[in-house]
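Survey of secondary and tertiary structure
One-letter residues, chain by chain:
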Amino acid sequence: MSKVRVLVGTRKGAFILTSDGKREKWDVSGPHFAGWEMYHLKGSPAEPNRIYASQTSGWFGQIIQRSDDGGKTWNTPGSSPEDLKGPEGMPKGESNKFVYDGEVGKHMWYDGTQHPWEFKRVWHLEPSLTDPDTAYAGVEDAAIFKTTDSLGSIKSVEM
């Protein structure tokens, strides 16, 4: 019988619901990242145990997490644990390494002035259908990023 998995992102964390094909009884795992707003969770079609999560907090900022074991454990690809700790051991307000290819341009701001593009948050994650190490991230301010090493490094996509 087939299995069903539902990935749920909420303002208070992430949940993974699983059931058999009949969907009569559900197992709930979570909350993962309790207290963090989850913008998007997405499983990889090429590697079913790989799950990507986009989370944010007003204090720590935007972070992408990845699980390679169906959500049992999570890591922050592209950053070592030491990279993510501040001087007193608290997490820094940064993670991953989103990098704009080339010089960061400007766009017209709401008041008509020119404003540089900023990376703020990841609204959507889209893993490749065939390559488990390739994924795309749609971000604010209007950009698409691509990784080919499972979020070890993330570069902007030229349009």
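Our subject is the structure that appears above.
To start, this report covers the structure provided alongside it. (Residues numbered from 1 in each chain as written. Predicted model: local features only at pLDDT ≥ 70, side-chain atom pairs only at ≥ 80, totals over all residues. Heavy atoms only, no water.)

Some thoughts on the overall build of the chain
- Along the chain, the regular secondary structure elements total zero helices and 13 strands.
- Ordering the α and β elements of the chain from the N terminus gives β-β-β-β-β-β-β-β-β-β-β-β-β.
- The burial tally for the chain puts 36% of its 159 residues in the buried class.
- Taking contacts inside the chain between residues at least 6 apart in sequence as the whole, the part at least 24 apart equals 34%.
- Surface exposure of the chain reaches about 9500 Å², of which carbon and sulfur atoms provide 53%. (Helix = DSSP H or I, 4+ residues; strand = E, 2+ residues; numbered from the N terminus. Buried < 20%, exposed > 50% of the residue type's maximum accessible area, 1.4 Å probe, protein only. Contact = heavy atoms within 4.5 Å. Areas by Shrake-Rupley, 256 points an atom, 1.4 Å probe, with all protein chains shown as cover.)

Focus: the pattern of salt bridges
- Under the criterion given, the structure shown has six salt bridges.
- Among the salt bridges present, the one from D133 reaches R50, with a minimum N-O distance of 3.1 Å. Of this pair, D133 sits in the loop between β10 (121–127) and β11 (135–140) while R50 sits in the loop between β4 (37–43) and β5 (51–57), placing them 83 residues apart in sequence.
- Salt bridges sharing common partners tie together R50, R66, D68 and D133. (Salt bridge = Lys/Arg side-chain N within 4 Å of Asp/Glu carboxyl O.)

Comments concerning the sheet that holds strand β3 (residues 26–32)
- Strands sit in the order β1-β2-β3 across an open sheet of three strands; the sheet is antiparallel. Every interior strand has two partners, whereas the edge strands, β1 (3–10) and β3, have only one. Pairwise comparison of adjacent strand axes, ignoring direction, gives a mean angle of 15° for this sheet.
- Bridge count between strand β2 (residues 13–20) and β3: five bridges; the pairing is antiparallel. Looking at the pairing, S19 lines up with W26 of β3. (Pairing = 2+ DSSP bridges. Axes fitted to C-alpha atoms, helices over the stretch in contact; angles between N-to-C directions.)

Some words on the packing of aromatic side chains
- The full count for this structure, using the stated rule, is two aromatic pairs.
- Judged by centre distance (5.0 Å) and plane angle (65°), the ring pair of F33 and W74 falls under edge-to-face. Linking F33 in the loop between β3 and β4 with W74 in the loop between β6 (61–67) and β7 (98–99), this pair joins segments that are 41 residues apart in sequence. Neither F33 nor W74 differs from the other in exposure class; each is buried. (Phe/Tyr/Trp six-rings, centres within 6.5 Å; stacked < 30°, edge-to-face > 60°.)

On their own, these measurements won't tell you what the molecule is for.
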